[in-house]
Amino acid sequence: IKGRRDNIFIGTKVSPQNQGKKSLIKSAEASLVRMGIDCIDLYQLHWPNPCIDIEETVDGLRNLIENYKIKYVGVSNFSFSDIQRFRKLMGDYFISVQDEYNITNRTAEQNVIPYCNNNELFFVGYSPFNQGRIIKNNKILLDLSLKYNKSVHQIILNWIINKDNVIPIPHSVNRSHVELNSKSFDFKMNKEEYNLIDQEFHSQIEFINYDTVKVSDEESKDNKVYKTLDEALENNQNFTPSPKQLSM
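Residues numbered from 1 in each chain as written. Predicted model: local features only at pLDDT ≥ 70, side-chain atom pairs only at ≥ 80, totals over all residues. Heavy atoms only, no water.

Draft legend 1. Layout of the overall build of the chain. Across its full length, the chain carries 10 helices and 6 strands. Along the first, second and third principal axes, the C-alpha set of the chain runs to 55 × 55 × 35 Å. Within the chain, contacts between residues separated by at least 24 positions form 69% of all contacts whose residues are at least 6 apart in sequence. For the chain, the accessible area works out to roughly 15,800 Å², and carbon and sulfur atoms hold 49% of it. Separation of charge centres in the chain, based on 30 positive and 32 negative side chains, amounts to 5 Å. (Helix = DSSP H or I, 4+ residues; strand = E, 2+ residues; numbered from the N terminus. Contact = heavy atoms within 4.5 Å. Areas by Shrake-Rupley, 256 points an atom, 1.4 Å probe, with all protein chains shown as cover. Lys, Arg positive; Asp, Glu negative; His and termini not counted. Charge placed at Lys NZ, Arg CZ, Asp CG, Glu CD.)

Encoded structure:
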């Protein structure tokens, strides 16, 4: 980005454990140093933290704005009611809501996306490919892929960007992925085809018996889990909020 900073819009996030005023400011300043920039365009709360008063977080955000270290703020993974409350507290500095949105998870369409459209907020959809678990063998997607000489991934991204005020943020691990994703924006399907995808992958909430849910014990470098209730209560990983606080 060196030499062309004015042409680039930069967004980053702050973790829930750092949403107290002092930690929030310190985190933002550390991000500025790491990126070698003077101001963050969009500073987002990655998850809500019920253990920290949102008013304290807002106070920290306003301090950063007043000192020209951030321009705008956004939230991620907030409930609909918390989004409404945050907007009242932040006013016009609040410009975006980020949540999962893809062809198989369209929960945000029920109230969050309409609310964003009605209140001049951008909706930022993460995991547009459902973390790699996209439907590759669907006949409608394959037919459109052949018609427009695009991959199924590109068809799905194009379907997303056709939505008003929706900005997808696909994960890319190398330059070729970025280039392929960018080619999702250079064509337009017709209205009937967008509607066909809408109808094929309509969103519907189903209530299930929680006794049938099996807890995964898969761990990775970035994904630590508790496998028993006792482990969760001990909270040796120092999760903030703790499992006990979340349950309360």
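Having seen the structure, we can now continue with the description.
Draft legend 2. Quick look at the environment of Met35. Mapping Met35 onto the fold places it in helix H1 (residues 21-35). Taking the C-alpha atoms as reference points, Met35 and Ile1, separated by 34 residues in sequence, lie 9.4 Å from one another. When neighbours within four sequence positions are excluded, Met35 is seen to be in contact with Ile1, Ile10, Thr12 and Ile40.

Draft legend 3. A look at the packing of H1 against helix H2 (residues 54-66). Where H1 contacts H2, the two axes come as close as 8 Å, and the packing angle between them is 35°. The two elements H1 and H2 meet at a crossing, and its hand is right-handed. Taken together, the residues of H2 that come into contact with H1 (itself represented by Lys21, Leu24, Ile25 and Ala28) are Glu56, Thr57, Asp59, Gly60, Leu61, Asn63 and Leu64. Of the residues contributing to the contact of H1 with H2, the split by class is 5 nonpolar, 3 polar and 3 charged. (Axes fitted to C-alpha atoms, helices over the stretch in contact; angles between N-to-C directions. Left-handed = near helix turned anticlockwise from the far one by under 90°. Nonpolar A, V, L, I, M, F, W, Y, C, P; charged D, E, K, R; others polar.)

Draft legend 4. Structural context of the sheet that holds strand S4 (residues 94-100). On the basis of which strands lie adjacent, the open sheet formed by 6 strands has the order S1-S2-S3-S4-S5-S6 and parallel pairing. What marks the edges here is a single partner per strand, and that holds for strand S1 (11-14) and strand S6 (166-169). Strand-to-strand twist in this sheet, taken as the mean axis angle between neighbours without regard to direction, amounts to 30°. Pairing analysis gives 5 bridges linking strand S2 (residues 40-45) to strand S3 (residues 70-76), with the strands arranged parallel. Looking at S3, one finds that Leu42 is bridged to Tyr72. Packing of H1 onto the sheet brings it into contact with S1 and S2, and relative to S2 it is tilted by some 135°. Those strands touched by H2 are S2 and S3, and its axis lies near 150° from that of S3. (Pairing = 2+ DSSP bridges.)

Draft legend 5. Representation of the packing of helix H6 (residues 152-161) against helix H8 (residues 191-200) in the model. At a minimum axis distance of 11 Å, the contact between H6 and H8 shows a crossing angle of 100°. By the angle between their axes, H6 is roughly perpendicular relative to H8. From H6, Ile155, Asn158 and Trp159 reach across to H8, where they touch Tyr194, Ile197 and Asp198. Grouping the amino acids of the contact of H6 with H8 by side-chain chemistry returns 4 nonpolar, 1 polar and 1 charged. (Parallel < 35°, antiparallel > 145°, perpendicular 65-115°, else oblique.)

Draft legend 6. View of the side chain of Ser27. Note that Ser27 resides in helix H1. Beyond its immediate stretch of four places on either side in the chain, Ser27 contacts Val14, Asn18 and Tyr43.

Draft legend 7. Expanded view of a nonpolar patch on the surface. Where nonpolar side chains cluster on the molecular surface, the patch consists of Phe9, Tyr72 and Tyr93 and spans about 300 Å² of accessible area. In this fold, Tyr93 is placed in the loop between helix H3 (80-90) and S4. (Patch = residues over 30% accessible without salt bridge, like charges linked within 9 Å, V, L, I, M, F, W, Y side chains within 5 Å. Salt bridge = Lys/Arg side-chain N within 4 Å of Asp/Glu carboxyl O.)

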